[in-house]
Amino acid sequence: MRRFTVITITYNAEKVVERTLNSVLNQTYEGVEHLIIDGASKDKTVTLADAYKQKSDTSGNGHKVIIQSEPDHGIYDAMNKGLTQASGDYVVFMNAGDFFPSNDTLEQIAHRCQLNETPSAELPAVLYGQTNLVDNDGDYLRPRRLQAPERLTWRSFRHGMLVCHQAFYARTDLAKNLQFDTRYRFSADVDWCIRIMHEAERAGLALSNTGIVVANYTEEGATTQNHQASLRERFDVMRRHYGLLSTVLMHAWFVVRAFLRK
């Protein structure tokens, strides 16, 4: 059975983390490793995580839960800690407040992408899908404005981050060798996804569209709260991968598109 490593990054997340934990707990797919990487929370986050682990361990769901709580140097440093420990075939980041749309989401992904029938060397580099946005209470708001394309390549992100990292399942062997660039505070996930996809093309590996919504994403994250700094970083990421001229032209189109929508 192919295994998924779900990595959840937490820090003082007691108000939202339970819906994430319960979402993983209720996944019908047995091949799940759940790594909870906590940044030494001062609230009840770790207590809730410990209670979840005990419940998961005695549930018979076949999941493996590992909790690590210690100071870190930011969210991407914590994500790298998770990558280092991941042992599944695929890794996905489902952070505090985010959750799977249904109890059989991972089951559907494994079935649709025929993971358990595919030799290890031929497994797609990336599995991806659509995302819905939810509010801070976990209630549905709307589909994410940027939609995952039918066919995804590393060049696709010139048009923006068409697949958010909660809906981006990377082969763990690739991900471990291409960790997050911690020089970025808000946009290392964009850079990471592009590098994963670029390596997939170099290695001749597929990017597989699941064709379904695979993540519910909480809209108010660190990037949303630091919008201007995030935009500056994202421009730099795109410039590095796609060149200055292409990036300037694409951002000019973003401005025009936003004006036309008013």
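Preceding this paragraph is the structure being described.
Residues numbered from 1 in each chain as written. Predicted model: local features only at pLDDT ≥ 70, side-chain atom pairs only at ≥ 80, totals over all residues. Heavy atoms only, no water.

(A) View of the environment of Asp43. Examined against the element boundaries, Asp43 turns out to sit in the loop between β2 (32-38) and α2 (45-57). Look at Asp43 and you get partly exposed, because its relative accessible area is 23%. Between the C-alpha atoms of Asp43 and Lys15, which are 28 residues apart in sequence, the distance is 9.6 Å. When neighbours within four sequence positions are excluded, Asp43 is seen to be in contact with Asn12, Ala13 and Glu14. Here Ala13 takes part through its backbone nitrogen, which lies 3.3 Å from a polar atom of the side chain of Asp43. A polar contact is formed between the side chain of Asp43 and the backbone nitrogen of Glu14, at a distance of 3.2 Å. (Helix = DSSP H or I, 4+ residues; strand = E, 2+ residues; numbered from the N terminus. Buried < 20%, exposed > 50% of the residue type's maximum accessible area, 1.4 Å probe, protein only. Contact = heavy atoms within 4.5 Å. Polar contact = N/O pair within 3.5 Å; in protein donor to acceptor, adjacent residues only side chain to side chain.)

(B) Just the nonpolar core, in detail. The biggest cluster of nonpolar side chains holds 72 residues, and the ones touching the most others in it are Phe4, Phe157, Phe168, Tyr169, Trp192 and Ile196. Considering each element in turn, this core owes the most residues, eight residues, to helix α6 (residues 188-203). In this structure Tyr169 touches Phe4, Tyr90, Val91, Val92, Phe100, Leu106, Ile109, Ala125, Val126, Leu127 and Val214, once residues within four positions along its chain are discounted. (Core = buried A, V, L, I, M, F, W, Y, C linked by side-chain atoms within 4.5 Å.)

(C) Structural view of the packing of α6 against helix α8 (residues 227-242). Where α6 contacts α8, the two axes come as close as 9 Å, and the packing angle between them is 20 degrees. Considered as vectors, α6 and α8 are oriented roughly parallel to each other. In the packing of α6 onto α8, the handedness of the crossing is right-handed. Residue-level contacts link Val190, Asp191, Ile194 and Arg195 of α6 to Arg234, Val237, Arg240, His241 and Tyr242 of α8. Along the lines of polarity and charge, the residues of the contact of α6 with α8 split into four nonpolar, one polar and four charged. (Axes fitted to C-alpha atoms, helices over the stretch in contact; angles between N-to-C directions. Parallel < 35°, antiparallel > 145°, perpendicular 65-115°, else oblique. Left-handed = near helix turned anticlockwise from the far one by under 90°. Nonpolar A, V, L, I, M, F, W, Y, C, P; charged D, E, K, R; others polar.)

(D) Expanded view of the state of the cysteines. Under the definition given, this model contains zero disulfides. In this structure Cys113 is not part of a disulfide, and its nearest cysteine sulfur, from Cys193, lies 16 Å away. In this structure Cys164 is not part of a disulfide, and its nearest cysteine sulfur, from Cys193, lies 8.6 Å away. Here Cys164 falls in the buried class, since its relative accessible area comes to 4%. (Disulfide = S-S within 2.5 Å.)

(E) Just the pairing of strand β7 (residues 168-171), in detail. Side-chain alternation along β7 places Phe168 and Ala170 on one buried face and Tyr169 and Arg171 on a second face that is also buried. Taken together, the two bridges between strand β4 (residues 90-93) and β7 define a ladder with antiparallel strand orientation. Note that in β7 the partner of Val91 across the bridge is Ala170. (Pairing = 2+ DSSP bridges.)

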